[in-house]
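The residues making up each chain are set out below.
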Amino acid sequence: MTSKGLKHNASLGIARYLAWVSLVLVLCLSVVLAIVFGNTARESLISKQRSFAGLLAENLNHQIFIRFTLPTAVGFGRIALGQPAQYERLDQVVQTLLHGMHVHSLRIFSQTGMVTYSAANKDEVRSEAFVTPSVTEAAASADKAIFDIDAALPYWEAFFRFRLEPGTFYLRTTYPMRIDNRLGSSEPSGALLGVLEFSQDITSDMAAVIKFQWSIIGIMLASALLLFLLLIFFLRRAEAALALRMDEEQRLLRELHQHEKLAGMGRVVAGIAHEIRNPLGIIRSSAELLLRRQKDADTANTKILEAIFDESRRLSQVVSDFLDYARPRQPAQQPVDLDRVLREVSAFLEAELAQRGTTLAVEFPPDAASFVVAGDKDLLYRAFYNILINAMQAVGKGGELRVTARWMHEDGRELAVLSFSDTGPGFPPGDRERLLDPFFTTKDGGTGLGLPIVNNIITSHGGSMALADAPEGGALVRVTLPAMAES
């Protein structure tokens, strides 16, 4: 991997890390905002409830004074709730005032902290067990309502409850009951008569606040998740684009390296061809001439001459391969019938195929005459010949070779696809990527230039060659060539 690729990977890694950090931050922010907004809404709600409760306490104090305290003081001479008649009268006044006010409980305490009236349970009268610090404070010096929240469970626990039971939260209001002087004095209130305490169920309001907080969290979570998914989507798109770019860069680097090798090899081959080819030709022709003179002789000299002739011919072929690969010939642009070329190759290999017991099947569509490409017939003949020779050597005796042809449309072009398959062992998986590299070979005595030369021929025609394993086993060479352009 190049340094540029490493930098891109590092950048994507940082971006992926930032995406996760952003998700965590948004989640934390959503929780914080939910708490802040929820607390604000809760305080606003409780403030309104307190205002309403304060007005209710003031109204109760006024109405009790007007409708009970004054008439009772005039009728009985003094207030004595121990008398059933006075207690029943106060209870009627209170029940009338509380109708429709959603008050859960109401108690009136004396200045000493004893319950003198209870709207919910008459058995609480004369008890001091219900005295709270707020009652004591209101009896001592308070001149306004005191508010407390009575909760059956902590707010954080109620936050995670699916449903809150009625009576989970109460707003308890404690109010000092005084003589109402608004009718005949400049002072709105006079002497303390007792302490009024009542409770209101605010569970439904608190549930609404909790629901509001969960709505904030849900909206923030959904937004964070959407943002995170978008970031991951774009990161994956960027990774895919980077992978393609890096593959293309690696391909260009391989091609550049290949061209550098070709340039260096071209200079070397030029020297080899000049220094070796001519002497090698003389050696080959001389050995061939001497062999003809001793055609029927079976001597040691004859075997030596045959060895000299065979090796000189092999070396001449190696030099020719070097020249063909280092200085490839530019193909002619003439109509070439692929079916005809393959039939000629098959006819040339017929004797050798029969000797090895190998079968070759060439399968073209019914309209085989349409498989015409622009190119060099001789070069394509050599390419197909080399592919089939390699396949024939790979399958050994009794193997099967097969060539199929079809048309394919890609990127607006019409391509002829030739598939060469065999029943041999296939390409070594670890070496498949290197088989098109020059000088790499898996054969003893091979030059490693056969497939590279074939690849050069195909690519010089604007086509491509791919090596793979056939689905039914064996090797598969797929050659793709552009169709002949219509004039």
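It should be noted that the structure appears before, not after, this text.
The structure displayed is predicted, hence computed values, not measured ones.

### Comments concerning the packing of helix α7 (residues 338–356) against helix α8 (residues 377–395)
Okay, so step 1: Across the interface, α7 lies against α8 with an axial gap of 10 Å and an inter-helix angle of 35°. Crossing hand, α7 versus α8: right-handed. Along the contact surface, α7 presents L338, R340, V341, L342, E344, V345, F348, L349, E352, L353 and R356, while α8 presents K377, L380, Y381, F384, Y385, L388, I389, M392 and Q393.
Okay, so step 2: Among the residues forming the contact of α7 with α8, the class breakdown is 14 nonpolar, 1 polar and 5 charged.

### A few points about α7
Okay, so step 1: Over its 19 residues, α7 runs 25 Å from end to end, which matches the ideal 27 Å to within 8%, given 1.5 Å per residue.
Okay, so step 2: Maximum bend of α7: about 50°, positioned at E350.
Okay, so step 3: Its side-chain oxygen at 3.1 Å from the backbone nitrogen of D339, D337 defines the N-terminal cap of α7.
Okay, so step 4: Following α7 by one or two positions, G357 has its phi on the positive side, about 70°.

### Here's the deal with a nonpolar patch on the surface
Okay, so step 1: On the surface, V32, V36, F37 and F212 cluster together into a nonpolar patch covering about 340 Å² of accessible area.
Okay, so step 2: Tallying contributions element by element places helix α1 (residues 3–76) first for the nonpolar patch, with 3 residues.
Okay, so step 3: By secondary structure assignment, the location of F212 is in helix α5 (residues 203–293).

### Some words on the sheet that holds strand β11 (residues 464–469)
The pairing of strands in a sheet happens through backbone hydrogen bonds and is either parallel or antiparallel.
Okay, so step 1: The strand order across the open sheet built from 5 strands is β7-β9-β10-β12-β11, with neighbouring strands paired in mixed fashion. The sheet terminates laterally at β7 (359–363) and β11, the two strands that pair on one side only. When strand polarity is set aside, the average angle formed by the axes of neighbouring strands in this sheet is 20°.
Okay, so step 2: Looking at chain direction, β7 and strand β9 (residues 400–410) are connected through 5 bridges and run parallel.

What counts and how
Residues numbered from 1 in each chain as written. Predicted model: local features only at pLDDT ≥ 70, side-chain atom pairs only at ≥ 80, totals over all residues. Heavy atoms only, no water. Axes fitted to C-alpha atoms, helices over the stretch in contact; angles between N-to-C directions. Helix = DSSP H or I, 4+ residues; strand = E, 2+ residues; numbered from the N terminus. Left-handed = near helix turned anticlockwise from the far one by under 90°. Contact = heavy atoms within 4.5 Å. Nonpolar A, V, L, I, M, F, W, Y, C, P; charged D, E, K, R; others polar. Expected span 1.5 Å × (residues − 1). Bend = angle between axes of the 7 residues up to and from the residue. Polar contact = N/O pair within 3.5 Å; in protein donor to acceptor, adjacent residues only side chain to side chain. Patch = residues over 30% accessible without salt bridge, like charges linked within 9 Å, V, L, I, M, F, W, Y side chains within 5 Å. Areas by Shrake-Rupley, 256 points an atom, 1.4 Å probe, with all protein chains shown as cover. Salt bridge = Lys/Arg side-chain N within 4 Å of Asp/Glu carboxyl O. Pairing = 2+ DSSP bridges.

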